[in-house]
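One letter stands for each residue in the lines below.
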Amino acid sequence: MKNLTILGSTGSIGVSTLEVVAAHPDKFRVVALTAGSNLELLKQQIETFKPDLVSVLCADKAKELSRSLGGKKPQIMHGVEGLIAAATAADTTMVVAAIVGAAGLVPTAAAIMAGKDVALANKETLVTAGHLIMKMVREKNVRLYPVDSEHCAVFQSMAGHRAEDIARVILTASGGPFLHWGKEKLSSATVADALNHPNWSMGKKITVDSASMMNKGLEVIEARWLFDIPVERIAVNIHPQSIVHSMVEYIDGSVMAQLGVPDMKGPIAYALTYPGRVASGVKPLDLTALSGLTFLKPDTDRFPALKLAYGAVQAGESMPAVMNAANEIAVESFLAGKIGFMAISETIAKVMDLHTPHDLHSIEEVLEADRWGRRTAKEVLGCTN
């Protein structure tokens, strides 16, 4: 029996994780859940999985949840304190880190420092503080299991092979909804257009990141730290079918790949049960039903966010944190209808140009770089709050 804390239980990864848990009640127990404002779904999860502790966004939401539960209820907390309490709960043996954005950094770091294994779905943790997080992982002797489908594929493709034999890691990208759009058409892309992903069902922020290819840029940085491989040896291929989830090329020319139907329950189940496997609820892959598998080079002229991400990790320790912060602010503005789609990458580029990279020695320094990036992005965008 593995005892779980799920950070971000009402998001798409959290919901899929609980589907896997529900299918294997003999293998998992939910100790703690955290969510933002979706109290209706959280209440259903509490009634089904009966956690000892839950945490929500703020004190008002905590009071509202407490009133709605009535009778016997778990301990209810809120804010960063609640996230940390859930991540470090004494009975928890694994934390599923599924909070979107830089907000996932602090509780994930707390979980590692408390000696918990982590199933990592929050790529921003390694994007913003990769060198610090991996140092913690080594010092605390915990395991970090990748949940992103691409990194899970790389993890599986490395199994049984020596790190020194790896020539390249090749991350695949669907290309999103704008794969065949020209630059002029991209300038008029709407929020609805950006959220219309052809293969994956995800939250709004990550879906927009997929459309801009910033999501793949973040994954490049994540892979650099997760697999301890220079960014120059991490490539991106556009693979519209999303069947080959990523590949590893070895020095003898062999390429190992992991294939499957695009469904996040697969990598989630693998992370939860490694080195074993369980039925995940993912449909079997019927290769005979496919019309073909194609691979293309990414176009960084139409999708400059990917190039910005490579530049950020090459520039220095603080630049990825600043880049990520600027992206989060720009995506929020796009989703609110305040800026156009192409202005997302333009905003990020302007913020990066204004930043002088410097070393980061602590999580607090990472958070300060994040705050600087957000503040500067708002200034670039002319935001007043």
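Residues numbered from 1 in each chain as written. Predicted model: local features only at pLDDT ≥ 70, side-chain atom pairs only at ≥ 80, totals over all residues. Heavy atoms only, no water.

Asks: Provide a residue-level description of the UniProt feature "binding site: Mn(2+)" (unreviewed entry) in the protein chain, including the pertinent values.
Replies: In the UniProt entry, the feature "binding site: Mn(2+)" (unreviewed entry) is given for Asp148, Glu150 and Glu219. A maximum C-alpha distance of 8.4 Å places the annotated residues, which cover 72 residues in sequence, within one compact spot. Inspection of the secondary structure assignment puts Glu150 in helix α7 (residues 149–158). Note on Glu150: relative accessible area 10%, which makes it buried. Discounting chain neighbours no more than four positions away, the residues touching Glu150 are Leu171, Thr172, Lys216, Glu219, His245 and Ser246. One polar contact links Glu150 to Ser149, side chain to side chain, over a distance of 3.2 Å. Locating Glu219 in the fold gives a position in helix α11 (residues 214–226). Those residues within four positions of Glu219 in sequence are excluded, and the remaining contacts are Lys123, Asp148, Glu150, His151 and Leu171. (UniProt positions renumbered as here; feature names shortened; annotations may be inferred. Helix = DSSP H or I, 4+ residues; strand = E, 2+ residues; numbered from the N terminus. Buried < 20%, exposed > 50% of the residue type's maximum accessible area, 1.4 Å probe, protein only. Contact = heavy atoms within 4.5 Å. Polar contact = N/O pair within 3.5 Å; in protein donor to acceptor, adjacent residues only side chain to side chain.)

Asks: An account of the UniProt feature "domain: 1-deoxy-D-xylulose 5-phosphate reductoisomerase N-terminal" (unreviewed entry) in the protein chain is needed here, citing residue identities and associated values.
Replies: Here, the residues flagged by UniProt with the feature "domain: 1-deoxy-D-xylulose 5-phosphate reductoisomerase N-terminal" (unreviewed entry) are residues 4–130. Taken end to end, residues 4–130 has its terminal C-alpha atoms 23 Å apart, with 46% of it in helix and 21% in strand.

Asks: Describe in detail the sheet that holds strand β1 (residues 2–7), supporting the description with residues and values.
Replies: Within the open sheet, the seven strands sit side by side as β4-β3-β2-β1-β5-β6-β7. Their pairing is parallel. Whereas interior strands pair on both sides, the edge strands pair on one side only; in this sheet they are β4 (75–78) and β7 (144–146). Geometrically, the sheet is characterised by an average inter-axis angle of 25° between neighbouring strands, direction not taken into account. As judged from the four bridges shared by β1 and strand β5 (residues 94–97), these two strands associate in the parallel manner. Counted as the bridge partner of Ile6 is Val96 from β5. (Pairing = 2+ DSSP bridges. Axes fitted to C-alpha atoms, helices over the stretch in contact; angles between N-to-C directions.)

Asks: Which residues make up the packing of aromatic side chains, and what are the values?
Replies: According to the stated counting rule, one finds seven aromatic pairs in the structure shown. For the pair Phe178 and Phe341, a centre-to-centre distance of 4.9 Å together with 75° between the ring planes defines the contact as edge-to-face. Remark: Phe341 occurs in the loop between α14 (318–335) and α15 (342–354) and Phe178 occurs in the loop between β8 (166–173) and α8 (183–186); sequence separation between them is 163 residues. Assigned by exposure class, Phe178 and Phe341 land together as buried. Aromatic pair Phe334 and Phe341: ring centres 5.7 Å apart, planes at 70°, arrangement edge-to-face. The rings of Tyr145, Phe155, Tyr270 and Tyr274 are connected pair by pair, giving a single aromatic cluster. Over the aromatic face of Trp181 sits the side chain of Lys185, whose NZ or CZ is 4.2 Å from the ring centroid. The aromatic ring of Trp225 is capped on one face by Arg224, whose charged end is 4.0 Å from the ring centroid. (Phe/Tyr/Trp six-rings, centres within 6.5 Å; stacked < 30°, edge-to-face > 60°. Lys NZ or Arg CZ within 6 Å of the ring centre and 35° of its normal.)

Asks: Quick one: what's the story with the environment of His131, residue by residue and with numbers?
Replies: Along the chain, His131 falls in helix α6 (residues 124–140). It is 19 Å that separates the C-alpha atoms of His131 and Ala163, two residues lying 32 residues apart in sequence. When residues no more than four places from it in sequence are discounted, the contact partners of His131 are Trp225, Glu317 and Leu360.

Asks: Talk me through the sheet that holds β8; I want residue IDs and the actual numbers.
Replies: Pairing in this open sheet of four strands is mixed, and the strands run β9-β8-β10-β11 from one edge to the other. Each end of this open sheet is capped by a strand with a single partner; those strands are β9 (234–238) and β11 (255–259). Strand-to-strand twist in this sheet, taken as the mean axis angle between neighbours without regard to direction, amounts to 20°. Relative to strand β10 (residues 244–250), β8 runs antiparallel, the two sharing five bridges. Looking at β10, one finds that Ile166 is bridged to Tyr250.

Asks: Residues and numbers for the side chain of Glu222, please.
Replies: Tracing the backbone through its elements, the reader meets Glu222 in helix α11. Buried charge without a salt bridge: Glu222, with Lys123 as the nearest opposite-charge side chain at an N-O distance of 5.2 Å. (Lys, Arg positive; Asp, Glu negative; His and termini not counted. Salt bridge = Lys/Arg side-chain N within 4 Å of Asp/Glu carboxyl O.)

Asks: Requested: an account of the nonpolar core, with residues and values cited.
Replies: Judged by nonpolar contacts, the single largest core of 122 residues is most densely connected at Ile133, Phe178, Met323, Phe341 and Ile344. Element by element, the count of residues in this core is highest for α14, at nine residues. Not counting residues up to four positions away in its chain, the partners in contact with Phe178 are Leu186, Ala189, Asp193, Ala194, Ala211, Arg302, Phe303 and Phe341. (Core = buried A, V, L, I, M, F, W, Y, C linked by side-chain atoms within 4.5 Å.)

Asks: How would you sum up the pairing of β1? Please name residues and give values.
Replies: Buried residues dominate β1, accounting for five of its six residues. Where β1 meets strand β2 (residues 28–34), six bridges bridge the pair, whose relative direction is parallel. Paired with Leu7 across the strands is Thr34, a residue of β2. Each parallel crossover has a hand, and for β1 linked through helix α1 (residues 12–23) to β2 it is right-handed. (Right-handed = clockwise from strand over helix to strand, strands pointing away.)

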